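Here is how the chains run, residue by residue.
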Amino acid sequence: MSFEKFLFYLFAAILVGSALMVITRRNPVHSALFLVLAFFNMAAIWLLAEAEFLAIVLVLVYVGAVMVLFLFVIMMLDIDLATVRAGFIKHLPVGIVVAVLMLVEMVLVLGPKHFGLTKYAAPEAAPADYNNTAELGLSLFTQHLYALEIAAVILLVAMIAAISLTLRKRPDSKRQNVTRQHMVKKKDRLKIIKMPAEEKG
Amino acid sequence: MLENYLPILIFIVIGLFVGIAAMGMGFILSPHNPDEEKGSRYECGFEAFESARMKFDVRFYLVAILFILFDLEIAFFFPWAVVLDEIGPVGFWAMMIFLGILVLGFIYEWKKGALEWE
Amino acid sequence: MDFLIGLYDSLPVAIQIILKIVVIMGPLMVLVAYYTYAERKVIGYMQVRIGPNRVGPKGWGQPIADAVKLMFKEIVLPTHADKTLFLIAPLLSIGPALAAWAVFPFDTGLVLADINAGLLYLLAMTSIGVYGVIIAGWASNSKYAFLGAIRCAAQIVSYEIAMGFALVGVLVVAGSLNLGQIVEGQSGGFWNWYWLPLLPLFVIYFISGVAETNRAPFDVAEGESEIVAGFHVDYSGMAFAVFFLAEYANMILISALTALMFLGGWLSPFQGTFMESWFAWVPGIIWLVAKTFVFMFLFLWFRATFPRYRYDQIMRLGWKIFIPITIVWIVVAGAMQVYDIGPWYQ
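The rules behind these values
- Residues numbered from 1 in each chain as written.
- Chains lettered and ligands numbered in written order.
- Predicted model: local features only at pLDDT ≥ 70, side-chain atom pairs only at ≥ 80, totals over all residues.
- Helix = DSSP H or I, 4+ residues; strand = E, 2+ residues; numbered from the N terminus.
- Contact = placed C-beta atoms within 7 Å.
- Buried ≥ 20, exposed ≤ 12 C-beta atoms within 10 Å, placed from the backbone.
- Axes fitted to C-alpha atoms, helices over the stretch in contact; angles between N-to-C directions.
- Parallel < 35°, antiparallel > 145°, perpendicular 65-115°, else oblique.
- Nonpolar A, V, L, I, M, F, W, Y, C, P; charged D, E, K, R; others polar.
- Domains from an automatic or database assignment.
- Arc of directions from axis to C-beta.
- Core = buried A, V, L, I, M, F, W, Y, C linked by C-beta atoms within 7 Å.

Enquirer: I tried to follow the overall build of chain A on my own but got confused; where do I start?
Expert: When its secondary structure is counted, chain A shows ten helices and zero strands. Starting at the N terminus, the α and β elements of chain A follow one another as α-α-α-α-α-α-α-α-α-α. Contacts spanning at least 24 positions in sequence make up 56% of the contacts within chain A whose residues lie at least 6 apart.

Enquirer: Sorry, what's going on with the overall build of chain B here?
Expert: Summing up its helical and strand segments, chain B has four helices and zero strands in all. Going from N to C terminus, chain B has its helices and strands arranged as α-α-α-α. Each of the 118 residues in chain B was classed as buried or not, and the buried ones make up 41%.

Enquirer: Which parts of the structure should I look at to understand the packing of helix α2 (residues 13-46) of chain C against helix α3 (residues 62-71) of chain C?
Expert: Packed helices, taken two at a time, are described by their axes: the angle between them and the distance between them. Residues and elements named next belong to chain C. Contact geometry of α2 with α3 gives a least axis separation of 8 Å together with a crossing angle of 110 degrees. The angle between α2 and α3 falls in the class roughly perpendicular. Across the interface between the two elements, A33, Y34, T36 and Y37 of α2 pack against Q62, P63 and A67 of α3. Class assignment for the residues of the contact of α2 with α3 results in five nonpolar, two polar and no charged.

Enquirer: Sorry if this is basic, but what is going on with the interface of chain B and chain C here?
Expert: Accessible area lost upon the coming together of the parts is a frequently used measure of interface size. With 55 residues of chain B at the interface, the matching set in chain C holds 63 residues. With 18 residues, the single largest contributor to the side of chain B that touches chain C is helix α1 (residues 6-29) of chain B. Split by residue class, the side of chain B that touches chain C holds 39 nonpolar, ten polar and six charged.

Enquirer: Even after reading the chapter, I still don't get the domain arrangement of chain A, so can you show me in this structure?
Expert: The assigned domain composition of chain A is domain 1 (1-90), domain 2 (92-121) and domain 3 (130-163). Its C-alpha centre places domain 1 of chain A at a distance of 22 Å from the equivalent point of domain 2 of chain A.

Enquirer: Looking at this structure, how should I read the interface of chain B and chain A?
Expert: The partner chain A presents 48 residues to the 42 residues of chain B that form the contact. Taken together, the elements giving at least two residues each to the side of chain B that touches chain A come down to α3 (59-82) and α4 (84-112) of chain B. Split into classes, the residues belonging to the side of chain B that touches chain A amount to 30 nonpolar, three polar and nine charged.

Enquirer: What is the right way to look at α3 of chain C in this model?
Expert: Residues and elements named next belong to chain C. Among the residues making up α3, those that are buried are Q62, P63 and L70. Each buried residue of α3 lies within a common arc of 100 degrees when the element is viewed along its axis, so the set occupies one face. Close packing links the buried residues of α3 with α2 and α11 (237-262).

Enquirer: Quick question: what am I supposed to make of the environment of P28 of chain A here?
Expert: Residues and elements named next belong to chain A. Within the fold, P28 resides in helix α2 (residues 28-48). Overall, P28 belongs to the partly exposed group, with 19 C-beta atoms counted inside 10 Å. Along the sequence, P28 and L71 sit 43 residues apart, while their C-alpha atoms lie 9.0 Å from each other.

Enquirer: Which parts of the structure should I look at to understand the nonpolar core?
Expert: By size, the foremost hydrophobic cluster in this structure holds 197 residues, and its most contacted members are F39 of chain A together with A149, A153 and L171 of chain C. Tallying contributions element by element places helix α7 (residues 143-174) of chain C first for this core, with 24 residues. For this core, the two domains that each supply at least three residues are domain 1 (1-90) and domain 3 (130-163) of chain A. Apart from residues no more than four positions distant in its own chain, F39 of chain A is found in contact with L58, V59, Y62 and V63 of chain A.

Dropping the structure here:
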């Protein structure tokens, strides 16, 4: 077994293990942190597949941003675990059936019959100066321009939705108007009056 | 390409190991006398009241959500900047439209007061 | 000497890499230790004090004494804390702070991991650093720590956007994510370094770096007067020391990166002038270290000079001033690059 293969199995094992922990841990914060671990291992596996840019962006966006939001939300909501868990045993058989069905389907569709090495040969390992980011940029900004602009619109919609869902004005709070502070002139604030000198007493 | 990443993997492991070693040394060398007061929550000398798990302003979520969106935007910018010389004016203007749409969102955010902290 | 080189070549690759890492990390750790000493001395002199001067000649033994002291201090585990996460949090903050150095080039070709996505990797590593803070604050299960962590996290993510955009500006001009190539792109002397065409981004990058590392004047996350020490209020002994190490390692990293991306890294400032040959004997790494020290000094100077920002001011600066400026300057830099405007592009 080559070292690369060993790394693949190592990362894959940690990935599956941490994914299991995500759904079995009692504490939601622990679950979220195992999800972070899972993302890391996923990034490592993508890297092994030579998808350099996507692997690092996975860490940057999912670990660095999305999971931070998750943690913010989870830490504040004091989720009552007892009620969440109440249905677990009751629905377990149904859950297992669905899970097994999905597994079988995935093996049938994605298994070696259609995607095996005999159908698609393993691609050549990229040379050391292969620049994944540049390749991606070239195809994204020439062939897929339309998709790019649609992505911008989706991001815009997300931004507006986030603001309209979460933003509330608090009537009782005070705020600073920086422009007005800067516009203040000396004569608005300061008045110099003439008065006779104090007698020494 | 992959052989370039091997040192990074080892570096991350060693980086974590440095932290583990430092804290391990601390645990071995230092005394351990836990007592009730020492282990209690720090609250400036008061008895702790209420749980430390509290609600905080919704603005912090808004910041986190907006951060995700801008982070994604940055992720789009990286490949663009790398190939800017090859894709020329077409690629440049395509990105300007992309940026323009997002600046619209930014202006909306600003006007709505989502960036105000009070 | 030849014997040593032969010995080195005969070692397995993994051992060679580990040796190289030790060569990077050893000086870094010494630098971190003496950076804390320099901080106390510099701020001392700025406040007309002498600073530490008891341990060893002129106080040079102070960092060692501090380390030894912290090692023998009890690591208190708060009763209410989530103990596993409480101990993992410092590791999560030191790991990325050190791992970022893996792609850092010290001279032409003198780099541990010469990857094409170097800049992206750095951005990813800096964005992970926030986990140490959030987890520490949450695991401590104390109000001060939690408030500090939330403040700190929101601040870090806000300034990360400005930092990311500033890096995009560098990329536009350099056309490569490889840090070595970014430096090579600046060759040609002082006026060819990227600080000039990217002046706004240069300033914003460094200030965001200060905010990102939670240093004064952006240190509300540990504002002593409000929330005592913020997210690490419950940490003691070596667990605290690891956070401390991570903070200073991050400061050095930001300084070094600013020098690398905007001030020509290891390139001599006299390139292309009549003085070039006078300084040809200076190795590149000396220039790099000198430039890095300038920014490291700025960190300390800021702390001694500026009063702390209020939280709403910090957020306003990040979102309403830095982000718009960086966006505008990316457009400007992109237009200059595509249409060959300006004296600095070929």
